[in-house]
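Chain residues, written in single-letter form:
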Amino acid sequence: MATIRLGDDAPNFTAKSTEGNINFHEWLGDSWGVLFSHPADYTPVCTTELGTVAKYKPEFDKRNVKIVALSVDGLESHKGWVDDINETQNTSVNFPIIADEDRKVSELYDMIHPNASDKFTVRSVFVIGDDKKVKLIITYPASTGRNFEELLRVIDSLQLTAYHKVATPANWKNGEDVVISPAITNEQIPALFPKGHKEIKPYLRMTPQPNLD
Ligand code: BEZ
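Parameters and conventions
Residues numbered from 1 in each chain as written. Predicted model: local features only at pLDDT ≥ 70, side-chain atom pairs only at ≥ 80, totals over all residues. Heavy atoms only, no water. Salt bridge = Lys/Arg side-chain N within 4 Å of Asp/Glu carboxyl O. Helix = DSSP H or I, 4+ residues; strand = E, 2+ residues; numbered from the N terminus. Buried < 20%, exposed > 50% of the residue type's maximum accessible area, 1.4 Å probe, protein only. Pairing = 2+ DSSP bridges. Right-handed = clockwise from strand over helix to strand, strands pointing away. Axes fitted to C-alpha atoms, helices over the stretch in contact; angles between N-to-C directions. Near = heavy atom within 4 Å. Polar contact = N/O pair within 3.5 Å; in protein donor to acceptor, adjacent residues only side chain to side chain. Areas by Shrake-Rupley, 256 points an atom, 1.4 Å probe, with all protein chains shown as cover. Nonpolar A, V, L, I, M, F, W, Y, C, P; charged D, E, K, R; others polar. Expected span 1.5 Å × (residues − 1). Bend = angle between axes of the 7 residues up to and from the residue. Contact = heavy atoms within 4.5 Å.

A. Geometry of the pattern of salt bridges. Across all of its chains, the model carries 11 salt bridges by this definition. Across the pair Glu49 and Arg146 runs a salt bridge whose closest N-O atoms are separated by 2.6 Å. Of this pair, Glu49 sits in helix α2 (residues 44–62) while Arg146 sits in the loop between β7 (134–140) and α5 (148–164); the two residues are 97 residues apart in sequence, bridging distant segments of the chain. Residues Arg63 and Asp156 are paired through a salt bridge, measuring 2.7 Å at the closest nitrogen-oxygen approach.

This is the structure:
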């Protein structure tokens, strides 16, 4: 197992999923991707998480992001559990769940942290860019359900950086001013940021969010 770091190529794999066999890179195509693991099927926190992701799917679609979940449980278990998720979370699971019984993908992506549990995956999240590079890694313990609003917020930030050469300040929310990347010279600013900018310090230059009307 190699350590995966930000900026690395996201390792490719093939795996069984509730929506058929997946070749990760082919499945991603030109989209961004979120690969996220959960500890086990038929567990309470995971049930709420997968139901929540199903409800947020249109938000991921809007951002050209495909979502795939993973645990080390098998396909039959996943399929039975999906019925429970749909029933209890009042939703319809609309993304694939990988059945990683042989732990091939979990090990490739370092999702098993033996001092937390040697049997189950932790709550890992990998955001993959449309260039197949790893853009974000977050790891939560089994006992803490993830905040998918935060995941969307980070994806918005990552896409602003990728497409508009800006960064986002602390606690930034969609619609608020953003930070002009230090690599941009003052001379380049008018062409790149026609909405104007404010120089608070030479290294701290703010501009209205560029992708809004
Ligand atoms: C859960 O999803 O509820 C859970 C899974 C493993 C350990 C603790 C909680």
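Once you've had a look at it, read on.
B. Here's a closer look at the pairing of strand β4 (residues 65–71). Within β4, 6 of the 7 residues are buried, which leaves the element mostly enclosed by the surrounding structure. Pairing of strand β3 (residues 32–37) with β4 involves 6 bridges; the strand directions are parallel. Bridge pairing in β4 places Ser37 opposite Leu70. Note that β4 and strand β5 (residues 97–99) share 3 bridges and pair parallel. Within β5, the position partnered with Leu70 by the bridge is Ile98. The handedness of the β4 to β5 crossover, carried by helix α3 (residues 75–89), is right-handed.

C. Geometry of the sheet that holds β3. The 5 strands lie next to each other as β5-β4-β3-β6-β7, forming an open sheet whose pairing is mixed. Lying at the two open borders of the sheet, with one neighbouring strand each, are β5 and β7. This sheet shows a mean twist of 20° between the axes of neighbouring strands, independent of strand direction. Alignment of β3 against strand β6 (residues 123–128), held across 4 bridges, turns out to be antiparallel. Counted as the bridge partner of Phe36 is Val125 from β6.

D. Spatial organisation of the site of the ligand. In the neighbourhood of the ligand, the contacting residues comprise Pro39, Thr43, Pro44, Val45, Cys46, Arg123 and Ala142. One of the side-chain N or O atoms of Thr43 is found 3.0 Å from an oxygen atom in the ligand. One of the backbone nitrogen or oxygen atoms of Val45 is found 2.6 Å away from an oxygen atom of the ligand. Burial of the ligand by the surrounding chains reaches 73%, relative to a free accessible area of 260 Å². When residues in the shell around the ligand are grouped by element, the largest group, 3 residues, is from α2. Each residue belonging to the shell around the ligand can be placed in one class, and the counts come to 5 nonpolar, 1 polar and 1 charged.

E. Looking closely at α2. The end-to-end C-alpha distance of α2 is 28 Å, a good match for the 27 Å that 19 residues give at a rise of 1.5 Å each. At Tyr56, α2 shows its maximal bend, which comes to roughly 50°, and the proline Pro58 appears one to four places after that position. Burial in α2 covers these residues: Cys46, Thr47, Glu49, Leu50, Gly51, Val53, Ala54, Tyr56 and Phe60. The secondary structure elements touched by the buried residues of α2 are β3, β4, α3, β5, β6 and α5.

F. Representation of the sheet that holds strand β10 (residues 198–201). The strand order across the open sheet formed by 4 strands is β8-β9-β11-β10, and the pairing between neighbours is antiparallel. Only two strands of the sheet have a single neighbouring strand rather than two, namely β8 (166–167) and β10. Both strand β9 (residues 178–180) and strand β11 (residues 204–207) contribute to a ladder of 2 bridges, which runs antiparallel. Residue pairing for β11: Val179 is matched across the bridge by Met206.

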